[in-house]
Amino acid sequence: MTSEIVSERAVAGEFWRGMRLGFPVVVASAPFGLLFGALSVENGFTVFEAFLMSATVYAGASQMVGIGLFGQKVAPWLIVLSILAVNFRHVLYSAAVGRHLSGWPLIQQALGYHLLTDPQYVLTEREAEERGKVGFAWYLGAGIVVYVCWVAEGVIGAVFGSLIPDTHALGIDFLLPIYFLGLVMGFRKRPLWLPVVAASAVASIIAYKTVGSPWHVTIGAMAGILFAAIVPAKPDGEPLA
Amino acid sequence: MSVNIWIILAAAVATYLTRVGGHLVISRFDRIHPRVEAGLNAVPAAVLTTLVAPEMINAGPAEWLAIVIALLVSLRFGLMPMFLVGAAVLIAARQFMA
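Since this is a predicted model, take the numbers as computed values, not measurements.

Draft legend 1. Representation of the interface of chain A and chain B within the structure. On the chain B side, the residues contacting the 82 residues of chain A number 62 residues. Surface buried jointly by chain A and chain B totals about 6,300 Å² across both partners, of which 75% is contributed by carbon and sulfur atoms. Counting every contact that joins chain A to chain B gives 0 salt bridges. Where chain A meets chain B, there are 19 residue pairs in polar contact (both at pLDDT 80 or more). Of the residues forming the side of chain A that touches chain B, the biggest block, 12 residues, is contributed by helix H9 (residues 172-186) of chain A. Among the residues forming the side of chain A that touches chain B, the class breakdown is 55 nonpolar, 20 polar and 7 charged.

Draft legend 2. Main features of the confidence of the model for chain B. Residue-level pLDDT values for chain B average 87, and 91% of them are 70 or greater. For chain B, per-element mean pLDDT is lowest for helix H2 (residues 34-58) of chain B, which scores 83, and highest for helix H3 (residues 61-76) of chain B, which scores 96.

Draft legend 3. Expanded view of the layout of surface pockets. The space that makes up the largest pocket amounts to roughly 1,000 Å³. Surrounding the largest pocket, 36 residues form its lining, A:Arg89, A:Asp118, A:Pro119, A:Leu183 and B:Leu79 being those nearest its centre. Tallying contributions element by element places H9(A) first for the lining of the largest pocket, with 5 residues. In terms of residue class, the lining of the largest pocket is built from 21 nonpolar, 8 polar and 7 charged. Formed jointly, the lining of the largest pocket draws a minimum of three residues from each of two domains, domain 1 (2-161) and domain 2 (188-241) of chain A.

Draft legend 4. Inspection of empty space enclosed by the protein at higher detail. All chains considered together, the criterion is met by 2 cavities of 30 Å³ or more. In this structure, the largest cavity encloses a volume near 50 Å³. Taken together, A:Arg190, A:Pro191, A:Leu192, A:Trp193, A:Val196, B:Asn41, B:Ala42 and B:Ala45 form the lining of the largest cavity. The element contributing the most residues to the lining of the largest cavity is H2(B), with 3 residues. Taken together, the residues that form the lining of the largest cavity break down as 6 nonpolar, 1 polar and 1 charged. The calculated volume of the second largest cavity comes to roughly 30 Å³.

Rules of the game
Residues numbered from 1 in each chain as written. Chains lettered and ligands numbered in written order. Predicted model: local features only at pLDDT ≥ 70, side-chain atom pairs only at ≥ 80, totals over all residues. Heavy atoms only, no water. Contact = heavy atoms within 4.5 Å. Buried area = accessible area lost by both parts, 1.4 Å probe. Salt bridge = Lys/Arg side-chain N within 4 Å of Asp/Glu carboxyl O. Polar contact = N/O pair within 3.5 Å; in protein donor to acceptor, adjacent residues only side chain to side chain. Helix = DSSP H or I, 4+ residues; strand = E, 2+ residues; numbered from the N terminus. Nonpolar A, V, L, I, M, F, W, Y, C, P; charged D, E, K, R; others polar. pLDDT = per-residue confidence, 0-100. 1 Å grid on protein atoms, 1.4 Å probe; cavity = no way out; pocket = protein on both sides within 12 Å on 5 of 7 lines; lining within 4 Å. Points joined across faces, edges and corners; volume = space filled by probe spheres on them. Domains from an automatic or database assignment.

Take a look at the structure:
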C-alpha cells in the first residue's frame, strides 16, 4: 500500500520533470504552430483539416511543405512522398532511441514513437546519457505538453488565419518560401549541399518554365537527389541525419 | 471524405512509419549503400529548394529583398531569427515599395 503511493508519486514526479523540459520547446515551436494553421487556411484547408494534420502528422516542417504543395494543386502521391521525404530523418531518431524504449509495454512504445519529434529526440538522448535509462512517465511528460500545444496552435492559427483581411500586406503568401529557405540553410553542413541545392534550383526553374507546375517540384528534387547519388561524396561525409 | 483528408491520413501513416521504422528495420541492417545514403541525405534540401527557387522568378523587389536579408541572417543565426527578420523586411518592403 505505502509503496504503491510512493511509486505513484515517483511517476508523477517524473512526469512533471519531463514536462518542465517540454515547455521551452512549446515556446520555440508556438509561432510555427500558429503559422501552420494560418497558412493552411490560406492554402485551402478547413479548420478541421488543419487540426487533423497537426494531430496525426505532427511534424512541423513537413506540414509546411504539405500545405505549400496543397496550394499548388500538386498530385496527391507527390504530396505524401514529399512529406515522407522531409520526415525521413525520423528513421534515424527511431533507430537511435529504440534501444531506450524497447523495455516499455507495446502500447506505450506505439504512443512514444508518435511523439518522437526533433526536440523530443534530443531530450531523450540527453536523458539516456544522464540517467542511463528513459522512463515512460518522463518521456510522456516531455512529449505530451508539446503535442497538445502544437495541435491547439494549429487550430487557433486556422481560426484566426481565416479572419486576416489583407494577407498580402502582412506578407502571409510569401512566408513559406522564407521559412523553406531557412530549412534549406539548416542542411548546409551536409555533404554536397551547395551543388545539390544549385542542381535542384536550376532544374526546378527550367521545369517550371517548360513543363510547368507542379512538376517542377518532382523534376527539381530528382535532379538534386540523383546528383548526390551519382557524384561520389567524400567517404568521411556526414552520416545520415 | 475529401481528397485532402485522405492525403493527410496517408501522410500521417507515412510519417508514423518513419518514426517506428528506424527501430523496426534500420537497426537490423549493418549499413546502407553509400549512394542510397548520399541520395537520401540530399532529399530534404532538394525538395525544399524547388519550393523556393521558382517563387523567386515570380516575385518582385520586396520579396527579393526579404529573401536576401533572410539568407544573410541565416548564415549566422537559427531558423527563428532568420524567419522573423525576413517577415519583417517583407512587410516593411511591401508597405514602401508597392
